[in-house]
Amino acid sequence: MADIRSYQGTAPELGERVFVDRTAVVIGDVSIGDDSSVWPLAVVRGDMHHIRIGARTSVQDGAVLHITHASDYNPGGYPLEIGDDVTIGHQAMLHGCRVGNRVLIGMKSMIMDGAVVEDEVIVAAGAVVTPGKVLESGHLYVGSPAKKARPITDKERSFFTYGAGNYVRLKDKHLAEGYDQA
């Protein structure tokens, strides 16, 4: 059974055909869109602000998704907002940032508070997106700190929906095997 739990009276909301692995943790003010998936050992922790995850988005193994609470040091805080058709790689960390649609976030990358990743961006494996940085649509970003490397190719652009669809098919196979997550 997946660890999906309320926090202070707010329960996560899961869309249609969402898959949450039994070893994943989803807490609090979290909304996950239709056909999305949360894989083994991922943590989605909306305990002090909200997390919104769009449709056909995969949160892969060991990823950590969190927020920044509002305080005197950070008025308003930073929620975490993720669009549709996003692939979040293994062990990536997203913290209080905004991610657009059709984005690939590489393995072990980190996107920090207030950063914005526009639509159709690739964040390379291991990249570190510093607080408040804006990643422009249509580019590959690499390194620590992340820097614009080059425009993405047409083949890479087509991979966004292919990759998202591949994870939709995979989670459907898990659900078809009678996986009980409730």
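Coordinates for the structure precede this section.
The structure displayed is predicted, hence computed values, not measured ones. (Residues numbered from 1 in each chain as written. Predicted model: local features only at pLDDT ≥ 70, side-chain atom pairs only at ≥ 80, totals over all residues. Heavy atoms only, no water.)

A. Here's a closer look at the overall build of the protein. Counting its secondary structure elements, the protein contains 1 helix and 20 strands. In terms of C-alpha radius of gyration, the protein reaches 15 Å, essentially the compact-globule figure of 16 Å for 182 residues. Each principal axis of the C-alpha distribution contributes one length, and for the protein these read about 45 × 45 × 20 Å. Counting across all 182 residues of the protein, residues that qualify as buried make up 48%. In the protein, 25% of the contacts between residues at least 6 apart in sequence involve partners at least 24 apart. Seen as two clouds, the 18 positive and the 23 negative side-chain charges of the protein have centres 6 Å apart. (Helix = DSSP H or I, 4+ residues; strand = E, 2+ residues; numbered from the N terminus. Rg over C-alpha atoms; globule rule 2.2 N^0.38 Å. Buried < 20%, exposed > 50% of the residue type's maximum accessible area, 1.4 Å probe, protein only. Contact = heavy atoms within 4.5 Å. Lys, Arg positive; Asp, Glu negative; His and termini not counted. Charge placed at Lys NZ, Arg CZ, Asp CG, Glu CD.)

B. Quick peek at empty space enclosed by the protein. Applying the stated criterion to the full structure yields 1 cavity of 30 Å³ or more. Here the largest cavity defines a volume of roughly 30 Å³. Forming the boundary of the largest cavity are Asp85, Thr87, Val103, Leu104, Phe159, Phe160 and Gly163. The element that contributes the greatest number of residues to the lining of the largest cavity is helix α1 (residues 154–176), accounting for 3 residues. Of the residues contributing to the lining of the largest cavity, the split by class is 4 nonpolar, 2 polar and 1 charged. (1 Å grid on protein atoms, 1.4 Å probe; cavity = no way out; pocket = protein on both sides within 12 Å on 5 of 7 lines; lining within 4 Å. Points joined across faces, edges and corners; volume = space filled by probe spheres on them. Nonpolar A, V, L, I, M, F, W, Y, C, P; charged D, E, K, R; others polar.)

C. Broad picture of the nonpolar core. In this structure, Leu65, Ile82, Ile88, Leu94, Val99, Ile105 and Ile111 are the most contacted members of the largest nonpolar core, which totals 36 residues. Of all the elements in the fold, those that place two or more residues in this core are β4 (25–32), β6 (43–53) and β9 (80–82). Residue contacts for Ile111: discarding those within four places in its chain leaves Met93, Leu94, His95, Cys97, Ile105, Val117, Val123 and Val129. (Core = buried A, V, L, I, M, F, W, Y, C linked by side-chain atoms within 4.5 Å.)

D. Molecular detail of the side chain of Thr68. As for its position among the elements, Thr68 is in the loop between β8 (64–66) and β9. Classification of Thr68 as buried rests on a relative accessible area of 13%. Engagement of the side chain of Thr68 in a polar contact is seen with the side chain of His95, the distance being 3.3 Å. In contact with Thr68, not counting residues within four places along its chain, are His49, Asn74, Gly77, Tyr78, His95, Gly96 and Asp113. (Polar contact = N/O pair within 3.5 Å; in protein donor to acceptor, adjacent residues only side chain to side chain.)

E. Up close: the sheet that holds strand β5 (residues 37–38). Sheet architecture is open: 8 strands sit in the order β3-β5-β7-β10-β13-β16-β19-β20, paired in mixed fashion. A single partner strand is all that each edge strand has here, and the edge strands are β3 (19–20) and β20 (147–151). (Pairing = 2+ DSSP bridges.)

Keep in mind these numbers describe shape, not what the thing actually does.
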